[in-house]
Amino acid sequence: MSATAVAEQPRTHSTTGSDFIVETRNLTKTYKDFWGRKKKTALNALDLQIKRGEIFGLLGPNGSGKTTTIKLLLGLLFPSNGEATVFGKPAADVRKNERIGYLPEESYLYRFLNAEETLDFYGRLFEMSREQREKKSAELIELVGLKEDRKRTLREYSKGMRQRIGLAQALINDPEFVILDEPTSGLDPMGTIWMKDLIRQLRDQGKTVLMCSHRLDDVQDVCDRIAILFNGDLQELGDVDKLVEDAARVEVRATNVRLTPELKQELEAVITRHGGALESFGHPTTTLEDLFKKVVEESKARPGRRYLPTTGK
Amino acid sequence: MQASFSPVFGVMKFESEPLSFDNWQRLAWLGIDWLQDAGGFAMVGLSLWLLTTFLNPVYDLLPNGKKRNRLITPLMVLGATVASCIYLIALAAVYLSADDNPTTPRVTVLGLAFTRWGMVLQFSLAAAGLAAIVGFGGPFLRDCFNMRWRRIYALAKLSFKEAVRRRVVWVFLSILILYLFPARWFFQEKPEDEIKSIVGVTTRGMNVLLVSVGMLLAAFSIPTDIKNLTIHTIVTKPVERFEIVLGRFLGYLGLVTAALLVMTGLGLILINAGNVSSEAEDESMKARVAKYGRMEFGKLGANRQLVSSDEFKGVDIGREDTYRKYIAGHPTSPHRAVWNFPSLPTRFEQSDSVPLEFAFDIYRTTKGEEGTGVQVTFEVVTQSWNPGKKIDDSLSPGSEISMQDAYDRDAKGLTNVTPGSPNWVKVNALAERYGRYVYQNWQIFDYHTSRIAVPGGLFRNASTLPESASSTQGPGGSSRRVQVRVKCETPSQFVGVARYDLYFVESEGNFSLNYFKGAVGVWFRLVIAISIAITLSTYFAGVLSFLIAMCLFVLGFFLEFIREFASGANIGGGPLESLARLIKNSNATADLDITPTVRALQMFDGVSRWIWRRVTTVIPDVDRYGLTDYVAQGFSIGPEFLLMNFLTLVAYVLPWLVAAYYLMKVREIAA
């Protein structure tokens, strides 16, 4: 079943749900005051399914209900109405957490511990043996690039480093389902690229990823499907490519062709003949991310390379 | 609730009867009291839980498509239903027992007499409590089996490491201040009290430091985790929420236990290196295993026989504290303070002498002589001593002589002989023959512990009597094998006595070991402090948790007064009545004129008493764990005593931990 098909299928629910990692039905969260009076509906009747092996993105402005959804799935909050199941188990069941990895928005870790101690602590919570903990810690520290800094306490880490060790703790149990809340927060561009590559790798390993982010380009780059929330309501749900597709326009790309007025005229004529109009004609631009990546890679390949101002005539 | 016995949550004073496995009836009633108290709280908790979770359900979808509220279990509903039904029976018993009067027939159950409906009330309250505990504690117990020690250990280790890395342990070093300022600089007491002062100061220092630090750490741990959101990375792992509570609890307890061990060791060094006086060493640097008797008062009748204590129960000299009663002093005074020892260790019979120790209060009606104490005579007798009984005269065979006369004749020149002197052998033989030993005119000073030696022959005499003879009644009705009679010889002076003022020294243990046993009492207090603070922190913010926990803990030291006030037994009435007395400058014991205002004040006091009676079961009985008092006085702390205190500790802490379990379970971590 394709991602698109999932988006389009009727919303039926199954508690056994072998295909779906996450299912929510009418999931609602209302915050109340001390006297039980309604203060705010953070999430309103969310129906959602996340399929095994996909990268699912939750999008929305601040206060739209993204983090509330994640907290409800993790059992940090209890629903006011409706249900949420993860691996077919109620979200409040802690046993489901054995198969989940969670990276919070800020890396909320104990700053008096160093990287090794942090991973050892979380490994113990999964009842891993000493050998397993040591092996897994070494692997993950290597993976997140903190080998040199593994003995430093987390209070000495930069935000990006804390985010990396946060990701390592989320992967300590080799989870089937990874929840990432703003995973690229605090990371530099190279860190962001690394994180996105890692998320894709997780999918390639068969894991399911749920991420929420404000950085739409990141979401677009890695997510298979997305849900857009606004003010607690689900506004849009579907395949990323489908959702961002602009059906009113057509893009043609070609290589080994020179931009000449003749080419433009000929293309215009063809488009006009088919009832359309040429909007733009020229070289496409690359993304800033690609440019940055290219510069950094070249710098690594050619130590001593530096920018030299061009001497204009 | 039994008025006769304080509930398990209650205070056991140092002077009051220690809990013991010997008195199983009393223990059974303590258990019943606990079921009533804890069961009452469980019923309240269960009702609140059922109500809250019914209004805010969390549903599981069943395979058949139906929904089930996962927060309510069938056991809870069953427990609440059964308990409610039995509470209705208890309510009926309250109504039906309202007509009971002193003439209503009574039945004795486990040593206490009840009317029929009174008994139904007691046992129905206990049974309802048990049902509520099963209903409320069932899920707790079930989830306890789901807990994993590896996770709890990880959380405990984290807590320990956190406290160490945040340099909390440096606070403990402030105990060293006590070393810089020896206690004797500040307490100008008798030389013999020096160790008492040192033990008192060091243990109080340890108590304040460890309890406050332990409580602070516990009160702020979970709220800080929630505030810093670090708890998000824990509860999203397969961690039962109660494991977090237990991990934090054990981690901080481990930290303060380690600090307690070090401080106790340092305290011992301070005592040993402190050049304490020899008097203090004699007084306190021991771990006496005392053999206590039953005390009563007797009056010497015309035939030199002690008469029943029903006629004489000691002189009340008008002190507010009624713990001690007094005997009047005079060479011809008939007043006797009597201690009966129904059983004694067999090793006494094999000993040459057995120490008898005592420390009495003195009430002087005349100034007396400076530096001179009050004289007291001790008479130790066995059941075979009968002064009027005619026996064969050993000096003139065939003739009879009274036992008293024979003893007086044989004991001539053997007064106040001490062990080691040549005549001690004769004293021993005399005691073995007649079953009597007398030490005359021993000078006593206020609360100064002294000892005399009682010849082992006396105990050999006692052992020759058949069990039936030795278990006969003493003057006050209690059985005895050996009896010690104390008489005050100094005219115009009174000697104040209580049960624990006199005892045989069974053996002497190691003081250092006893000092560590005394620290177990501090540890018990730490368990209480941390468990209260951590439970409160599952619901309240850190500051509030700390303040409430500290208030409850401090109130524990005044629990006896609070109980008196709550039961209406205190002098001067409740808060408003006392205030009225203060304003009107009225005597605390005089009856107030019953005016509408006074009636209103008393009504308010009645309401506050009702509230306080509920609160007293929540206040920790911290005073009972002051085991270092025993150490300071040089008394050994027995393992049975420690075990009893441990059981009462568990009985108190367990309901708090169950409360923590539910508070944590129902809490929305991210809200």
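Parameters at a glance
Residues numbered from 1 in each chain as written. Chains lettered and ligands numbered in written order. Predicted model: local features only at pLDDT ≥ 70, side-chain atom pairs only at ≥ 80, totals over all residues. Heavy atoms only, no water. Pairing = 2+ DSSP bridges. Helix = DSSP H or I, 4+ residues; strand = E, 2+ residues; numbered from the N terminus. Axes fitted to C-alpha atoms, helices over the stretch in contact; angles between N-to-C directions. Contact = heavy atoms within 4.5 Å. Phe/Tyr/Trp six-rings, centres within 6.5 Å; stacked < 30°, edge-to-face > 60°. Buried < 20%, exposed > 50% of the residue type's maximum accessible area, 1.4 Å probe, protein only. Domains from an automatic or database assignment. Buried area = accessible area lost by both parts, 1.4 Å probe. Polar contact = N/O pair within 3.5 Å; in protein donor to acceptor, adjacent residues only side chain to side chain. Expected span 1.5 Å × (residues − 1). Bend = angle between axes of the 7 residues up to and from the residue. Salt bridge = Lys/Arg side-chain N within 4 Å of Asp/Glu carboxyl O. Nonpolar A, V, L, I, M, F, W, Y, C, P; charged D, E, K, R; others polar.

**A word on the sheet that holds strand 19 (residues 502-509) of chain B**
All names here are of chain B. Read across the sheet, 4 strands follow the order 5-19-10-16 without closing on themselves; strand pairing throughout is antiparallel. Only two strands of the sheet have a single neighbouring strand rather than two, namely strand 5 (287-292) and strand 16 (450-455). Direction aside, neighbouring strands of the sheet carry axes that sit 45° apart on average. Taken together, the 3 bridges between strand 10 (residues 353-358) and strand 19 define a ladder with antiparallel strand orientation. Paired with L356 across the bridge in strand 19 is F504. In this fold helix 15 (residues 456-464) packs onto strand 10, strand 16 and strand 19, with an angle of close to 55° to the strand it touches most, strand 16.

**Points about the sheet that holds strand 2 (residues 38-51) of chain A**
Residues and elements named next belong to chain A. As summarised here, the arrangement of the 4 strands in space is 2-1-4-5, forming an open sheet in which the pairing is antiparallel. Both outer strands of the open sheet, strand 2 and strand 5 (89-90), are each paired with one neighbouring strand and no more. With 9 bridges connecting them, strand 1 (residues 20-32) and strand 2 associate as antiparallel partners. Bridge pairing links E23 to Q49 in strand 2.

**Overview of the packing of aromatic side chains**
All names here are of chain B. In total, this model carries 39 aromatic pairs over all chains according to the counting rule given. Aromatic side chains W49 and Y662 sit 4.8 Å apart centroid to centroid with 65° between the ring planes, which places their arrangement in the edge-to-face category. Here the residue W49 occupies a position in helix 1 (residues 24-55), and Y662 occupies one in helix 23 (residues 639-666), the gap between them amounting to 613 residues. Classification of W49 by relative accessible area gives buried; the value is 6%. Their ring planes at 35° and their centres at 6.2 Å tell us that F511 and Y515 sit as a pair that is tilted.

**Some thoughts on the domain arrangement of chain A**
Residue and element names in this part refer to chain A. As far as domains go, chain A holds domain 1 (3-109 + 176-244) and domain 2 (253-304). Contact between domain 1 and domain 2 buries roughly 450 Å² in total, counting both sides, with carbon and sulfur atoms accounting for 72%. When residues of domain 1 are sorted by the area they lose upon contact with domain 2, P189, M190 and I193 head the list and together hold 80% of the total. Taken together, domain 1 and domain 2 are joined by 0 residue pairs in polar contact (both at pLDDT 80 or more). With 4 residues, helix 6 (residues 189-204) is the single largest residue contributor to the side of domain 1 that touches domain 2.

**With respect to the pairing of strand 4 (residues 81-86) of chain A**
Residue and element names in this part refer to chain A. Burial analysis of strand 4 places 5 of its 6 residues in the buried class, the great majority of the element. Pairing analysis gives 5 bridges linking strand 1 to strand 4, with the strands arranged antiparallel. Directly across from V22, in strand 4, lies its bridge partner V86. Summarising the sheet, strand 4 and strand 5 pair through 2 bridges and their orientation is antiparallel. Bridge pairing in strand 5 links T85 to P90. Linking strand 4 to strand 5, which pair antiparallel, is a turn of 2 residues; within it F87 sits at a positive phi near 55°.

**Quick notes on unusual backbone geometry**
The backbone phi angle of B:R167 is positive, close to 65°, even though this residue is not glycine. With respect to the helices and strands, B:R167 occurs in the loop between helix 4 (149-165) and helix 5 (169-172).

**Describing the environment of B:Y153**
Within the secondary structure layout, B:Y153 lies in helix 4. A sequence separation of 95 residues divides B:Y153 from B:R248, and the C-alpha atoms of the two residues are 9.4 Å apart.

**What about helix 3 (residues 116-146) of chain B?**
The terminal C-alpha atoms of helix 3 of chain B, which comprises 31 residues, lie 45 Å apart, in line with the 45 Å expected from a rise of 1.5 Å per residue. Its maximal kink placed at B:G137, helix 3 of chain B deviates by approximately 45°, while the proline B:P139 follows within four residues.

**Quick word on the interface of chain B and chain A**
Contacts between chain B and chain A engage 41 residues on the former and 34 residues on the latter. Roughly 3600 Å² is buried in total at the junction of chain B and chain A, and carbon and sulfur atoms are behind 63% of that figure. Among the residues chain B hides against chain A, the three largest losses belong to B:R150, B:T236 and B:K237. Together they make up 17% of the total. At the junction of chain B and chain A, the tally comes to 5 salt bridges. Note that A:K29 and B:E668 form a salt bridge whose closest N and O atoms lie 2.5 Å from each other. The interface formed by chain B and chain A holds 15 residue pairs in polar contact (both at pLDDT 80 or more) in total. For the side of chain B that touches chain A, the elements supplying multiple residues, two or more each, are strand 1 (59-61), helix 4, helix 9 (232-235), helix 10 (241-272) and helix 23 of chain B. Looking at the side of chain B that touches chain A, the element that brings in the most residues is helix 4 of chain B, giving 10 residues. For the side of chain B that touches chain A, the per-class residue count stands at 16 nonpolar, 6 polar and 19 charged.

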